[in-house]
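# Observations on the model geometry
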Amino acid sequence: MTYMHLPGNAAKSAYASAAAEAIERFVPNIRVNQILFEDGGSPDVLNPIIEVTYYE
């Protein structure tokens, strides 16, 4: 999915939702705590930082 056509806040929200869902679906013992976005050099690039917890 491309997020280039969305405004910045909508792109970040859509990306965070999709990433969290995919991580929790395909790696069941990992939970996403938060997803933050760094300000990058280019406005067309998302730089996510995903904080997770691993459950044994």
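Residues numbered from 1 in each chain as written. Predicted model: local features only at pLDDT ≥ 70, side-chain atom pairs only at ≥ 80, totals over all residues. Heavy atoms only, no water.

## Some points on the layout of surface pockets
Roughly 270 Å³ of volume is contained in the largest pocket. Taken together, 15 residues make up the lining of the largest pocket; nearest its centre are S42, P43, D44, V45 and L46. If you tally residues by element for the lining of the largest pocket, the top one is helix 1 (residues 8-26), at 3 residues. By residue class, the composition of the lining of the largest pocket is 7 nonpolar, 4 polar and 4 charged. (1 Å grid on protein atoms, 1.4 Å probe; cavity = no way out; pocket = protein on both sides within 12 Å on 5 of 7 lines; lining within 4 Å. Points joined across faces, edges and corners; volume = space filled by probe spheres on them. Helix = DSSP H or I, 4+ residues; strand = E, 2+ residues; numbered from the N terminus. Nonpolar A, V, L, I, M, F, W, Y, C, P; charged D, E, K, R; others polar.)

## Quick word on the environment of D44
For D44, the position within the fold is in the loop between strand 1 (30-38) and strand 2 (47-54). Considering only alpha carbons, one finds D44 and Y3, 41 residues apart in sequence, at a separation of 9.0 Å.

## What to know about the nonpolar core
Within the largest apolar cluster, 5 residues are counted, these being A16, A19, A20, V32 and I35. Counting residues per element, the ones that place at least two in this core are helix 1 and strand 1. When residues in this core are grouped by element, the largest group, 3 residues, is from helix 1. Those residues in contact with A19, other than ones at most four positions away along the chain, are I35 and I50. (Core = buried A, V, L, I, M, F, W, Y, C linked by side-chain atoms within 4.5 Å. Buried < 20%, exposed > 50% of the residue type's maximum accessible area, 1.4 Å probe, protein only. Contact = heavy atoms within 4.5 Å.)

## Some points on the environment of T53
Its place among the elements puts T53 in strand 2. Sequence separation between T53 and N29 is 24 residues; the distance between their C-alpha atoms is 8.3 Å. Setting aside anything within four residues of it in sequence, one finds T53 in contact with N29, I30, R31 and N33.

## Observations concerning helix 1
Its 19 residues give helix 1 an end-to-end C-alpha distance of 27 Å, which sits within 8% of 27 Å, the value for a rise of 1.5 Å per residue. The set of residues buried in helix 1 consists of A11, A16, A19 and A20. Each buried residue of helix 1 lies within a common arc of 150° when the element is viewed along its axis, so the set occupies one face. Opposite its buried face, helix 1 presents the exposed residues E21, R25 and F26, each directed more than 90 degrees away. Buried-residue contacts for helix 1 involve strand 1 and strand 2. (Expected span 1.5 Å × (residues − 1). Arc of directions from axis to C-beta.)

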